[in-house]
There are 2 protein chains.
Amino acid sequence: MQKKSSYKPTQSDVAALAGVSQTTVSLVLNDEDIASIPPETRKKVLDAIETLGYVPNSAARILRTNRTFALACIIPDITNPFYPTFVNGIQDEAEQNGYEVIIYNTHGLAEKEAKVLKTIQEGRVDGMIGVFFHAKAQDFLPLLTRQIPVVRLEVRQHQSGSWPLDSIFIDNVKAAHAATSYLISEGHKQIALITGWDGPARARREGYLQALESATEPYTPWIQDISIFNEEGGYAGMQAILKEGQVPSAVFAGNDLLAIGAMQAIKAAGLRIPQDVAVVGFDDIQVARLISPSLTTIRQAQDEIGKRAAALMIERLQREDHFDGRVIEMPFELIIRESA
Amino acid sequence: MQKKSSYKPTQSDVAALAGVSQTTVSLVLNDEDIASIPPETRKKVLDAIETLGYVPNSAARILRTNRTFALACIIPDITNPFYPTFVNGIQDEAEQNGYEVIIYNTHGLAEKEAKVLKTIQEGRVDGMIGVFFHAKAQDFLPLLTRQIPVVRLEVRQHQSGSWPLDSIFIDNVKAAHAATSYLISEGHKQIALITGWDGPARARREGYLQALESATEPYTPWIQDISIFNEEGGYAGMQAILKEGQVPSAVFAGNDLLAIGAMQAIKAAGLRIPQDVAVVGFDDIQVARLISPSLTTIRQAQDEIGKRAAALMIERLQREDHFDGRVIEMPFELIIRESA
DNA sequence: CTGAAAGCGCTTACAG
DNA sequence: CTGAAAGCGCTTACAG
């Protein structure tokens, strides 16, 4: 290892150049009222910092203070536009408060979720905001006992507890119920659902089933399972449905990406949307209103949810006292466009 | 600060429980052939780790080893689908090699780019892969002198040097030239360009202008400047063009998001695509082939680019010797669909 | 095979 | 107002 003076200067290097002690350099850097540094001393130090291009070493600072000023943001799929918007909201709020955001992409996989949880125990962040498809409440315990607060985005109401674990949710059962009921009210008789079992899929499935059950006329559930939650999955799912010979008059897709894929399959089969098959999605991602026909869907305010989640986290990190977990419900809205 | 034994156990806690020294715990954890720990000792230690739920402290490890096993990934806009796909490629390659990826979102702003560059000097990562709209070569020097390698995604060929700075580029001038030439070859007489000045916009603008100049017939450039590089910007840009009274026979948009916005504006004006106005985009994001009409565009293999960028970085981090910067060109492809 | 010790670069009581 | 010193939790020569 070479020891050029220009290479990664430390506070000691700055101190030597400024002719003060390393302690003084640190004091200037953290200019709290712990000490009152006279302007001349301060200037000497600042000049030396400038000359050497000194930048504090984050590992040393974190080790010493036990504060990272970083937040982890865990999402299942960065290529699903829903999440980048959510992340954006988190980042906006976090940055305004001096926190940086570290994004982890789990691909919705149980093993990756577990790995991320482990990594975070290593003390890389002060708190974690996340969407988990598999992790259970107890999987968060190691973080919580380490005083790393968690804000979780959920798909239905869960009980709060005394841990520093807040949750923010949209009632996906109710939302899926609303979407399905809308199709029923529009006179559709065969309403298919394209979805899987991971993450929000289960709650949306429930909502769909409940809506069919509570209809005045009898409905037969028609569910097409898929395993990839994007356009590709939607396309394949819709193809499978059409292969059965019968054509449903409406399709409710587990998310907008699935809906977009399903629409492609419908068009490819020479059918019209919504005349032959109506389509409803879930999420209201950016492109939902831009495709043709524009997509009827459930809007969740991703950006707002992200902001709110970050605000919950930051409040917890800034307050001294401990307080019970909070549960916040966010609204959804059925956006009716051309596809249904 | 409390001192419960269950709270954030350290190697010393593990050592005490296992009845060995803290050094031995560390040795077991890093099981290199530095030392040969007999199975019984190893087991005692591993059991203690299990019992206490010990996880190493990353700050301490980083401070000591000067290795973070993290890569920074800097992108201008996480909500532009181009980038998540790029990030995905980076993450895949990085994770396979034991690196985690920290994503920074600059919003294409000069100040945020500068801030990120500063943050990275703090030693949070071993290397940086990024897309910068404003930062100049010299802005990377502080990283390079600190031995933090950089891989930069660029829009045209730049010279390599002796710094640990690799670049990977797609010739955006040539690509824009190809897109514009295609429109010319299709017989379009008035070809408008919707774009701005940041990032890749400048190179694409050049390609457009060069193509018009090299055409056999004379063409008048028709450029609509916008400042937001998404659907909204494209919509506004197209509206501005249509307000001029004349309707161009084709529009080349600076990226797919702009193209999608422009298509909406064209439809809103009651015009048909491509009969009245043809549209070409740039990037080939996921939805390009899913919208109606599907979008003719320039494909860049985002995923592949990300993988390649990460591979360049990792090779540099793993090799002992220093070697000159490399410049890699990646191909583009004109994808002809329905919109033009 | 195992442990004592130095030291990574900081912050923060504590003296003076 | 300023500095010497302890210590955050690790890794890694070095002894034995």
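Residues numbered from 1 in each chain as written. Chains lettered and ligands numbered in written order. Predicted model: local features only at pLDDT ≥ 70, side-chain atom pairs only at ≥ 80, totals over all residues. Heavy atoms only, no water.

Enquirer: Provide a residue-level description of the overall build of chain A, including the pertinent values.
Expert: Looking only at helices and strands, chain A has twelve helices and twelve strands in total. Taking 2.2 N^0.38 as the reference for a compact globule, 340 residues should give roughly 20 Å; the C-alpha atoms of chain A span a radius of gyration of 26 Å, well beyond that estimate. With respect to the principal axes defined by its C-alpha atoms, chain A has extents near 85 × 40 × 35 Å. The 340 residues of chain A split such that 54% are buried. (Helix = DSSP H or I, 4+ residues; strand = E, 2+ residues; numbered from the N terminus. Rg over C-alpha atoms; globule rule 2.2 N^0.38 Å. Buried < 20%, exposed > 50% of the residue type's maximum accessible area, 1.4 Å probe, protein only.)

Enquirer: Requested: an account of the protein's contact with DNA strand C, with residues and values cited.
Expert: The full set close to DNA strand C counts 25 residues, and Q22, S26 and R64 of chain A together with T24 and S36 of chain B are the nearest of them. Among the atoms of DNA strand C close to the protein, meaning within 4 Å, 61% are from sugar or phosphate groups. At a separation of 3.4 Å, a base nitrogen of DNA strand C approaches a polar backbone atom of A60 of chain A. T24 of chain B is positioned such that a nitrogen or oxygen atom in its side chain is 2.5 Å from a phosphate oxygen of DNA strand C. Where the surface near DNA strand C is concerned, the elements lending two or more residues are α2 (22-29) and α4 (58-65) of chain A together with α2 (22-29) and α4 (58-65) of chain B. (Near = heavy atom within 4 Å. Polar contact = N/O pair within 3.5 Å; in protein donor to acceptor, adjacent residues only side chain to side chain.)

Enquirer: Outline the domain arrangement of chain A, listing residues and values.
Expert: Here the domain parsing of chain A yields domain 1 (11-56), domain 2 (67-171 + 302-332) and domain 3 (173-299). Centre-to-centre separation of domain 1 of chain A and domain 2 of chain A, based on C-alpha positions: 37 Å. (Domains from an automatic or database assignment.)

Enquirer: Can you lay out the sheet that holds strand β5 (residues 165-169) of chain B for me, pointing to particular residues and giving the numbers?
Expert: Residue and element names in this part refer to chain B. Ordered in space as β2-β1-β3-β4-β5-β11, the six strands form an open sheet in which the pairing is parallel. Of all the strands in the sheet, the pair left with one neighbour each is β2 (100-105) and β11 (327-329). Taken pair by pair, the neighbouring strands of this sheet meet at an average axis angle of 20°, ignoring direction. In the sheet, strand β1 (residues 70-75) pairs with β2 via six bridges, with the strands oriented parallel. Residue L71 lies in a different strand from β2, and its bridge partner there is V101. Sitting on the sheet, helix α12 (residues 302-318) is in contact with β1, β3 (127-130), β4 (150-154), β5 and β11, with an inclination near 165° to β5. (Pairing = 2+ DSSP bridges. Axes fitted to C-alpha atoms, helices over the stretch in contact; angles between N-to-C directions. Contact = heavy atoms within 4.5 Å.)

Enquirer: A description of the relation of the copies chain B and chain A should follow, citing residues and the corresponding values.
Expert: Placing chain B over chain A gives an RMSD of 0.1 Å and needs a rotation angle of 180°, together with 0.0 Å of translation along the axis. One copy is carried onto the other by what is essentially a two-fold rotation axis. Both copies contact each other with a shared surface, as 100% of the interface residues of chain B are interface residues in chain A too. (Least-squares fit on C-alpha atoms with pLDDT ≥ 70 in both.)

Enquirer: Provide a residue-level description of the sheet that holds strand β9 (residues 278-280) of chain A, including the pertinent values.
Expert: Residues and elements named next belong to chain A. Taking strand neighbours across the sheet as the criterion, the four strands line up as β7-β6-β8-β9 in an open arrangement whose pairing is parallel. The sheet is open, and its two borders are formed by β7 (222-225) and β9, each paired with just one other strand. Geometrically, the sheet is characterised by an average inter-axis angle of 20° between neighbouring strands, direction not taken into account. Strands in contact with helix α11 (residues 256-268) are β6 (191-195), β8 (250-253) and β9; relative to β9, the strand with the most contacts, it is inclined by about 165°.

Enquirer: I'd like to hear about the pattern of salt bridges, residue by residue, with values.
Expert: Applying the stated criterion to the full structure yields 40 salt bridges over all chains. With its nearest N and O atoms 3.2 Å apart, the salt bridge here joins E122 of chain B to R124 of chain B. The residues E122 of chain B and R124 of chain B share a single accessibility class, namely buried. Within the structure, one salt-bridge network assembled from shared partners comprises D166, E315, R316, R319, D321 and R326 of chain A. (Salt bridge = Lys/Arg side-chain N within 4 Å of Asp/Glu carboxyl O.)

Enquirer: Report on the interface of chain B and chain A, specifying residues and quantitative values.
Expert: Chain B puts 51 residues into the contact, and the matching count from chain A is 52 residues. Taken as a group, V55, R146 and L290 of chain B account for 13% of the area that chain B buries against chain A, more than any other trio of residues on that side. The tally of links between chain B and chain A comes to four salt bridges. Between E100 of chain A and R124 of chain B there is a salt bridge, with the nearest N and O atoms lying 3.3 Å from each other. Our count for the chain B to chain A interface comes out at 16 residue pairs in polar contact (both at pLDDT 80 or more). Those elements that place two or more of their residues in the side of chain B that touches chain A are α4, α5 (82-96), β2, α6 (110-121) and α11 (256-268) of chain B. Examining the composition of the side of chain B that touches chain A, we find that seven residues originate from one element, α5 of chain B, more than from any other. Residues belonging to the side of chain B that touches chain A are distributed by class as follows: 20 nonpolar, 19 polar and twelve charged. (Buried area = accessible area lost by both parts, 1.4 Å probe. Nonpolar A, V, L, I, M, F, W, Y, C, P; charged D, E, K, R; others polar.)

Enquirer: Just give me the short version of the packing of aromatic side chains, but keep the residues and values in it.
Expert: This model, assessed by the stated rule, comprises six aromatic pairs over all chains. Note on F132 of chain B and F140 of chain B: the rings are 5.0 Å apart at their centroids and 80° apart in plane angle, and the pair reads as edge-to-face. Taken individually, F132 of chain B and F140 of chain B each receive the classification buried, so the pair is uniform in this respect. Over the ring of F282 of chain A we find R204 of chain A, and its NZ or CZ is 3.6 Å from the ring centre. Sitting over the face of the ring of W197 of chain B, R205 of chain B holds its NZ or CZ atom 3.4 Å from the ring centroid. (Phe/Tyr/Trp six-rings, centres within 6.5 Å; stacked < 30°, edge-to-face > 60°. Lys NZ or Arg CZ within 6 Å of the ring centre and 35° of its normal.)

Enquirer: Could you give an account of helix α10 (residues 231-243) of chain B, with specific residues and numbers?
Expert: All names here are of chain B. In this model α10 runs 18 Å from its N-terminal to its C-terminal C-alpha over 13 residues, within 8% of the 18 Å that 1.5 Å per residue would give. For α10, the full list of buried residues reads E231, G233, G234, G237, M238, I241 and L242. Down the axis of α10, the buried side of the element spans an arc of 165°, and every buried residue falls inside it. The exposed set on the far side of α10, more than 90 degrees from its buried face, consists of E232 and K243. Lining the buried residues of α10 we find β6 (191-195), β7 (222-225), β8 (250-253) and α11. (Expected span 1.5 Å × (residues − 1). Arc of directions from axis to C-beta.)

Enquirer: Summarise the side chain of Q11 of chain B; cite the residues concerned and give the values.
Expert: Residue and element names in this part refer to chain B. If you trace the backbone, Q11 turns up in helix α1 (residues 11-18). Classification of Q11 by relative accessible area gives buried; the value is 17%. Within the structure, Q11 has its side chain in polar contact with the side chain of Q22 (distance 2.8 Å). Among all residues touching Q11, those that are not within four sequence positions of it are Q22, V25, S26, L29 and Y54.

Enquirer: Summarise unusual backbone geometry; cite the residues concerned and give the values.
Expert: With omega at -10°, the peptide bond leading from S292 of chain A into P293 of chain A counts as cis. Tracing the chain through its elements places P293 of chain A in the loop between β9 and β10 (297-300). With a phi angle near 65°, N66 of chain A is a residue other than glycine that sits in the positive phi range. Summarising the element assignment, N66 of chain A is placed in the loop between α4 and β1 (70-75). A positive phi angle, close to 55°, is found at D284 of chain B, a residue other than glycine.

Enquirer: An account of the protein's contact with DNA strand D is requested, with residue identities and associated values reported.
Expert: In the vicinity of DNA strand D lie 25 residues, with T24 and S36 of chain A together with Q22, S26 and R64 of chain B positioned nearest. Counting only the atoms of DNA strand D that lie within 4 Å of the protein, the sugar and phosphate share comes to 61%. One nitrogen or oxygen atom from the side chain of S21 of chain A is found 2.9 Å from a phosphate oxygen belonging to DNA strand D. R64 of chain A places a polar side-chain atom, nitrogen or oxygen, 3.2 Å from a base nitrogen of DNA strand D. Among the elements of the structure, α2 and α4 of chain A together with α2 and α4 of chain B are those that each provide at least two residues to the surface near DNA strand D. Across the surface near DNA strand D, the residue classes break down as nine nonpolar, 13 polar and three charged.

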